[in-house]
Amino acid sequence: MIKYLTSILFFLMIGFNLQVAAQEYHFVPQPESVSFSGDAFVLDKNTKVVVPKKFQGELIPYLAEKFYSDLGLNLTYSYRNPEMGEKHILFKLDKNLAVKDEGYLLEVQPASIVVTAKNYGGLFNGFQTLHQTFPLENSGTVNVPGMTVKDSPRFGWRGIMLDVSRHFQPKEFILKHIDVLSSYKVNKFHWHLTDDQGWRIEIKKYPNLTEKGAWRADRTGVSWWQREEATAEEPKTVGGFYTQEDIKEVIAYAKVRNVEIIPEIDVPGHSKALVASYPQLFCYDEPDANFEVAVGGKAPDNAVCAGKDTTYEFLEGVIEEIAALFPSKYLHIGGDECNKSNWKKCPYCQGVKTENNLKDEEELQSYFIQRVHKIVKAQKKTMIGWDEILSGKGAPGATIMAWRRGTYTPEITAPKEGYPTVMTSYKHMYISQVQGPTFMEPEGPKVVLPLSKVYGHEPLPAELTPEEVNRVLGNEACLWGEFTPTQEHCEYMLYPRALASAEVSWSDTKVKDWKRFQTAMEASHFKRLEREQVNYAKSLFTVYASYALDELESEAYVYLNTETVGYDIFYSTNGEDPTTASTKYESDFIAAPKTLVKAGLFNKEGTLLGRVTEIRLK
Ligand code: ACM
Ligand code: ZN
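Worth saying up front: this structure is predicted, and the values here are computed from it rather than measured.

Caption draft 1: Local environment of the UniProt feature "active site" (unreviewed entry) in the protein. Those residues carrying the UniProt feature "active site" (unreviewed entry) are Glu337 in this numbering. Topologically, Glu337 is positioned in the loop between strand E17 (330–334) and helix H9 (341–345). Leave out the neighbours within four places in its chain, and Glu337 touches His270, Glu388 and Trp403. A distance of 2.9 Å separates a polar atom in the side chain of Glu337 from a polar atom in the side chain of His270.

In structure tokens:
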């Protein structure tokens, strides 16, 4: 009997320990399966780290830096197998492991931690999961819980796009975020390098692109959409660009972090900086046009001529250098939102249209895209374009970024027509949109894209057959730069929504859970971002407030709302900041006109999580 009771007690204790362990770790993205069992591995200075010989050059410096900066540990690193009894973390390759590419098996036992994967990406990702079990403080010794994690990505393409044309961001900023994003298993960095407001990459054959195209007149303080065009005489002081040496450094840094860099040169539209640098690429020979880099939203005359051979010869020169610089098999040529009004009036464009029997300017765009496609293919690259490249006669062989939704349905038509497709839904993944009540957020497009909506996005349309689903390469969140002049503001827009996008792209729908994700942000990842000195947004915790005024009765119905689950809203109507001693919001309530309502979101410990929302009723 005593033996029987002891074993019950033993199992209860184990069960209790397992539960504690499971709650303490907040993995993002959520792995496919995690099971906690057995004793911890004590990670301390006596631990040896073993990596495959062929990756030692990349992995050892990376791991050594992480173990030292996060835990203060100087470990021993080698590609030689551990001795008997030597406590170790072993990274090992097994091409027959039953996981997808970049997946991994992580096994933590008292004597060893073993990360097994089919390739470098898998080893890197396995380490990221292990890394999320480390405490935030530099503690020297870590008890890594006994566990087995088996994990595979849902999609091979887990991207983030950053627009550095509208506002240039320095190389150091790019490096910082490749490091942070890769720790969430993001593996594609789509670099939007050119647009109307700046050309950001050195092209040796065409120095004007950065001597002139990377700089614009200063309109700081004037709303993006109200800015007056620059004149030729004005000084051009705002901008910057990456040298080819900078680009090589970023590529090498990203490679260690399992991140592929996809460059985008946006043509034939969005090209004001290009035509400002080389006006001969514009439609007419003697144009009555402004040839200054755009300073804000208005950028007329921003398309290159689709009729002149010189346009294609020029682009060939650019594409040759880009192709030589970036190892990615992809080269993004933009293709979006081309204003074709000049093409309609241009003798060169119209000549090409007639010669080639093109029905309209949409077909002329296809003609342009197909000529550029030939140039890209000659460089042995796969062309990517925004979904407008499907218009007219399409672009067989290209990969599509499906951004439009609603009237256009490229998320369905592109895979159905046989195109490999990356989902970049502007409704769910354009994280340049504000993420909380508009009046409490910094300036931005006035559409609210809260964290929960990014998290809840399902990239695969139900209309696709399994064969068409296989053409969906993955998902990508895009940060357009019109309203993000500073690094702090870019970070604020990126985080935590980039983490939600990372989970959408990595985790199987079966393991996705909004409540777990939002709790993981509060309990762990916000602190992790703080450690990396990232200026993330806490808008998730802002209370949405609205009211309906009943003038007849002279009273207002007040509604408070939150995208979170499991936290409480408290509010006041006496002008004081709400606390947990204020009224708890259960449902809409009546207040007198002119009342100042203040509301905040609180966790179970009574801590105010975000900012206080204030509205004064009419
Ligand atoms: C886009 O948003 N114009 C791709
Ligand atoms: Zn033209």
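Caption draft 2: Summary view of the sheet that holds strand E11 (residues 188–192). Strand order in the closed barrel formed by eight strands is E10-E11-E16-E17-E18-E19-E20-E21, with parallel pairing between adjacent strands. This sheet shows a mean twist of 30° between the axes of neighbouring strands, independent of strand direction. In terms of strand pairing, strand E19 (residues 399–402) meets strand E20 (residues 421–423) through three bridges, oriented parallel. By the bridge assignment for E20, Ile400 is matched with Thr421. Contacting strand E16 (260–267) and E17, helix H8 (residues 309–325) crosses the sheet at an angle of about 170° to E16.

Caption draft 3: View of the coordination of the zinc ion (ligand 2). In the first shell of the zinc ion (ligand 2), the protein supplies Cys283 (SG), Cys305 (SG), Cys346 (SG) and Cys349 (SG), at 2.3 to 2.4 Å from the metal. Considering all four donor atoms around the zinc ion (ligand 2), the spread of angles at the metal, 105 to 115°, places the coordination shape in the tetrahedral class. Donor residues for the zinc ion (ligand 2), ordered by position in the chain, follow C-x21-C-x40-C-x2-C. One end of the pair, Cys283, is in the loop between helix H7 (272–277) and H8; the other, Cys349, is in helix H10 (residues 347–355), with 66 residues separating them in the sequence. Judged by relative accessible area, which is 0%, Cys349 ranks as buried.

Caption draft 4: Molecular detail of helix H3 (residues 120–131). Between its first and last C-alpha, H3 extends 16 Å over twelve residues, near the 16 Å set by a 1.5 Å rise per residue. With twelve of twelve residues buried, H3 is to be regarded as a mostly interior element. Along H3, the positions that sit buried rather than exposed are Tyr120, Gly121, Gly122, Leu123, Phe124, Asn125, Gly126, Phe127, Gln128, Thr129, Leu130 and His131.

Caption draft 5: Geometry of the confidence of the model for the protein. Overall, the prediction assigns the protein a mean pLDDT of 95, with 96% of residues at 70 or greater. Within the model, the stretch residues 1–21 combines pLDDT values under 50 with three contacts to residues more than four positions away or in other chains.

Caption draft 6: Focus on the packing of H8 against helix H11 (residues 361–378). Relative to each other, H8 and H11 sit at 35°, their axes nearing to 10 Å. The crossing of H8 and H11 is right-handed. Residues Asp309, Thr311, Tyr312, Leu315, Glu316 and Ile319 of H8 pack against Tyr367, Phe368, Arg371, Val372, Ile375 and Val376 of H11. Taken together, the residues of the contact of H8 with H11 break down into eight nonpolar, one polar and three charged.

Conventions we followed
Within each chain, residue numbers correspond to sequence positions counted from 1 in written order. To read the labels, note that chains go from A and ligands from 1, taken in the order they are written. Confidence filtering applies because this is a predicted model: local features only for residues at pLDDT of at least 70, side-chain atom pairs given and counted only at 80 or more, and all residues used for totals across whole chains, interfaces and linings. In computing side-chain properties, one takes all heavy atoms of the structure into account and sets aside hydrogens as well as water. UniProt positions are given in the numbering used here, feature names are shortened, and annotations may be inferred rather than shown by experiment. By the criteria applied, helices consist of DSSP H or I runs no shorter than four residues and strands consist of E runs no shorter than two, each listed in order from the N terminus. Whether two residues are in contact is decided by their heavy atoms: any pair within 4.5 Å suffices. For this analysis, a polar contact is any N or O atom pair within 3.5 Å, provided that within protein one partner can donate a hydrogen and the other can accept it, and provided that sequence-adjacent residues contribute only side-chain to side-chain pairs. Any two strands are treated as partners once DSSP identifies two or more bridges connecting them. Each axis is a line fitted through C-alpha atoms, and for a helix only the stretch in contact is used; angles between axes span 0 to 180 degrees, taken between their N-to-C directions. For Na, K and Ca the donor cutoff is 3.2 Å, while for all other metals N, O and S atoms must lie within 2.8 Å; water is not among the atoms, so some sites may look incomplete. Site shape is set this way: if four donors have all angles between 85 and 135 degrees, tetrahedral; if opposite donors are over 155 degrees apart and all others between 65 and 115, square planar for four donors and octahedral for six; otherwise irregular. Each residue gets one of three labels from its accessible area relative to the maximum for its type: buried under 20%, exposed over 50%, partly exposed in between, using a 1.4 Å probe on protein chains only. By this rule the span expected of a helix is its residue count minus one, scaled by 1.5 Å. The predictor attaches a confidence to each residue, called pLDDT, with possible values from 0 through 100. With the far helix as reference, a near helix turned anticlockwise by less than a right angle produces a left-handed crossing, and one turned clockwise produces a right-handed crossing. When residues are grouped by polarity, Ala, Val, Leu, Ile, Met, Phe, Trp, Tyr, Cys and Pro land in nonpolar, Asp, Glu, Lys and Arg in charged, and all others, Gly among them, in polar.

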